[in-house]
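Chain and residue survey
In case you want the letters, here they are:
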Amino acid sequence: YRSSLANLQSKGCRAMRVLVIGAGASGLVTAKTLRERGHEVNIVSDSEKVGGTFENKAYKDARMVSSKFLTLFSDFRKPDAEVHMTLKDYVTYLEQYKSHFQLGGLMRMGTAVLDVKRKADGSYTVVLQCAGETTVREEAWDAVAVCSGLHNIPRIPVFPGQEGFKGKILHSSTYKDPEIFRGQRVLVIGTGETGFDIGYAAATHGASAVTMSTRHGFVSVPSAFKPELPPLDCIIMNFGTHYWESDWAARVGFHWWITTKFTRMGFLIMTGTTYGFNQWVGKRYNMTWEEGRKHIVNKSNKCMPLMSRKAKKQASWWQRKLYSYWDGDTSVGQDIDLIEGSIAKLEGNAVHYNTNKGGQTSVDVDVVVLATGYRQRFPFLFPGPDEKPAEGAEFRGADDPLPEEHFIVNPEEPRLAYIGFIRPNVGAIPPMAELQAMWWCEKLEGKLTCKAPDYYKLKGSRLSYGVDYGNYMFALAREMGAVPSLFHWFFRRPKVAITACFGQAHVPIFRLQGPWACKEAEETCSTELYTQVMRRPFMMNFIFFFEAIAFAVINGVIGVLETKVGQALAVAGAGLGCMFASGLAMSSRGDVMRSLRN
């Protein structure tokens, strides 16, 4: 710490006292990053344990849907861990991370934040209350990092007739064990990853009937296809996709326009449907062939076969024969019904729906699980009752706003950061939080090198904070000057260049060069992450290589045209073309006139 502080002061930067709110993955990595930079850090959490959502919202058999290669922090890897860790194992990893970087002495557990107020000089007064105490204390801090977690306050729907419903209603945040479903008729409202986990658990633990419902549909793609293949989040390429592309291509989502068609066609050939991978029901409402930059992928796919196989029973015999391979052992679990529509009312044990096709249907249930997600609430910044009804809203309580600049800070208030409040399409929040913390340090020190556009936002997504994972990561890295040079690494260490080019946007890639460069990142890229690139099937890497060449040519031409010289040449070329066309027209007109005279 003293070395980091001296280094910070030598660069003419002032060390700050920073309070980190939250002891989950985002809070731990933010505190570690700030202290590494030389700032004085303290962590407060109203929980008694490290882990945040991964500890508080865990349930039986819960696993990460993002792989260890993507999720684990850049300088604390676990080669021997399972590819998709259990939540219990991931919390253990966070405990080890805390111990390894000696963060325990910075933490005050069981301490709630009641209020955060900005002072005239840009610093903050924070009101805290320790568990079991009636008194509060005020503390002064130069900066505050909000890392309280995206999945904190449940989003609870309000349905007509709910007060007279005879069954049991619970939110997924309180679910722990599937034995509560045994012998029960279960309805799961919501088809996110937690909803899928709960639906599968009910269908395989003795529920008498299982139904799931969705209003807008979903996109299901498994987190892993086969054990011998890399996980889903490791079969994505950076080059021409997340970076190293023209501004026009990034702005319009050119690679999405191309790859969406090939991806959906691949799904159709392999599984008989284009909605998702082996997804025969639940088409996303805005699913089109034009562009896929708008969907947050559901990677918890165990219950997808249980929903699809009922639809397949109504298909032709050759489709059942050809595509049932992906359903696995049909003796596992029971079929799951899917209702696509909105709840009209609850009556007795019945839940009535208005379907998306304009009809009505109902289902009798004993247990309703609300897998309806969480609210975005910061009561210490925006005071108010958590359950206040929002006018015109279906759910109780509106979301609090997130900052404008990459969802991290507002330009006029750079010392108040929100870390970890984004949702990636195919990615993970912990590595994004790590890069956000690095970016914030550069922001506080006034060392960001440029302003990257926000092309990473998911078009048409119902979540305002939904982002394309790779584009977001490269946007932050670009502003920090941390995007690796492929030319440099190709000649120095080719394996690193291959990983950066053909691999996913793993955090170690952004620690190869720039203000956060470290030797460990180079080793990780040339070994662990390089191995995942080479584990892909030969044909997959061949297609990626061909795709990279094609994108390089197209983006090279567009890049030239985007320059002033290129634009001048384009205008001149268009002018010459018009002159040539005009000459041809005049010549043709002369020929016609001569023919008429003759």
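Attention here is on the structure that accompanies the text. Bear in mind the structure is a predicted one, so any value in this text is a computation, not a measurement. Each residue is numbered by its place in its chain's sequence as written, counting from 1. Confidence filtering applies because this is a predicted model: local features only for residues at pLDDT of at least 70, side-chain atom pairs given and counted only at 80 or more, and all residues used for totals across whole chains, interfaces and linings. Note: side-chain values were computed over all heavy atoms of the structure, leaving out hydrogens and water.

1. Describing the overall build of the chain
Runs of E in the DSSP output that reach at least two residues are strands. Runs of H or I that reach at least four are helices, and both are numbered from the N terminus. When its secondary structure is counted, the chain shows 17 helices and 19 strands. Under the scheme applied here, a residue whose accessible area is under 20% of the maximum for its type counts as buried, over 50% as exposed, and between as partly exposed, the area being computed with a 1.4 Å probe on protein chains only. Per-residue burial over the chain gives 52% buried out of 598 residues. Of the contacts formed within the chain by residues at least 6 apart in sequence, a portion of 69% connects residues at least 24 apart. For the area figures, the Shrake-Rupley method with a 1.4 Å probe applies, and any residue is considered shielded solely by the protein chains shown. Split by element, the accessible area of the chain, about 27000 Å² in all, is 57% carbon and sulfur. Contact between two residues is taken to exist if any of their heavy atoms lie within 4.5 Å; hydrogens are not considered.

2. A word on the pairing of strand β14 (residues 360-364)
In this structure, strand β13 (residues 350-355) lies alongside β14, joined through five bridges in antiparallel fashion. If you follow histidine 352 over to β14, its bridge partner there is serine 362. Should DSSP find at least two bridges between two strands, the strands are taken to pair. Two successive antiparallel strands, β13 and β14, enclose a turn made up of four residues, where glycine 358 displays a positive phi of approximately 95°.

3. A look at the packing of aromatic side chains
Ring pairs are drawn from Phe, Tyr and Trp, using the six-membered ring of Trp, whenever the two centres fall within 6.5 Å, and their geometry is named by plane angle: stacked under 30 degrees, edge-to-face over 60, tilted for the rest. One pass over the full model with this rule turns up 32 aromatic pairs. Geometrically, the ring pair formed by tyrosine 243 and tryptophan 244 is edge-to-face, given 5.4 Å between the ring centres and 75° between the ring planes. Residue class for tyrosine 243 comes out partly exposed when judged on its relative accessible area of 25%. Relative to tryptophan 326, the ring of phenylalanine 277 lies with its centre 4.9 Å away and its plane at 80°, an arrangement referred to as edge-to-face. Here phenylalanine 277, found in the loop between α8 (254-271) and α9 (304-312), pairs with tryptophan 326, found in the loop between α10 (317-323) and β12 (337-347); they are 49 residues apart in sequence, far enough to count as distant. According to the relative accessible area criterion, tryptophan 326 is partly exposed, its value standing at 24%. Here, over-ring charges are defined by two tests on the NZ atom of lysine or the CZ atom of arginine: distance to the ring centre within 6 Å, and angle to the ring normal within 35 degrees. Here the guanidinium or amino end of arginine 17 rests over the ring plane of tryptophan 141, the centre of that ring lying 4.1 Å away.

4. With respect to the pairing of strand β6 (residues 137-141)
As judged from the five bridges shared by strand β5 (residues 124-130) and β6, these two strands associate in the antiparallel manner. Considered in β6, the bridge of leucine 128 is made with arginine 137.

5. Looking at unusual backbone geometry
Among all residues except glycine, the phi angle is most often negative; among peptide bonds, the trans geometry is most common. Here aspartate 61, not a glycine, exhibits a phi torsion of approximately 65°, which is positive. Of note, aspartate 61 is situated in the loop between α3 (53-56) and α4 (68-71). Phi at asparagine 278 is positive, roughly 60°, even though this residue is not glycine. Mapping asparagine 278 onto the fold places it in the loop between α8 and α9.

6. Section: the sheet that holds strand β15 (residues 367-370)
Read from one edge of the open sheet, seven strands run β9-β15-β10-β11-β12-β13-β14, paired in mixed fashion. Each having just a single partner strand, β9 (168-171) and β14 make up the two edges of the open sheet. The mean angle between the axes of side-by-side strands here comes to 40°, regardless of whether they run parallel or antiparallel. Here helix α6 (residues 193-203) sits on the sheet and contacts β10 (185-189), β11 (209-214) and β15; the angle it forms with β11, its principal contact strand, is near 165°. Simply put, an axis is a line fit to the C-alpha atoms, just over the touching stretch for a helix, and the angle between two N-to-C directions goes from 0 to 180 degrees.

7. Remarks on the sheet that holds strand β7 (residues 143-146)
In spatial order, the strands read β3-β2-β1-β7-β17; together these five strands make up an open sheet with parallel pairing. Each edge of the open sheet is held by one strand with a lone partner, namely β3 (107-109) and β17 (416-418). In this sheet, neighbouring strand axes are inclined to one another by 15° on average, regardless of whether the strands run parallel or antiparallel. Summarising the sheet, strand β2 (residues 40-45) and β3 pair through three bridges and their orientation is parallel.

8. A look at the environment of valine 113
Within the element layout of this structure, valine 113 appears in strand β4 (residues 111-118). On a C-alpha basis, the gap between valine 113 and valine 44 in space is 7.8 Å, while along the polypeptide they are 69 residues apart. Residues in contact with valine 113, not counting those within four places in the same chain, are Ile21, Val44, Val126, Val127, Leu128 and Phe380.

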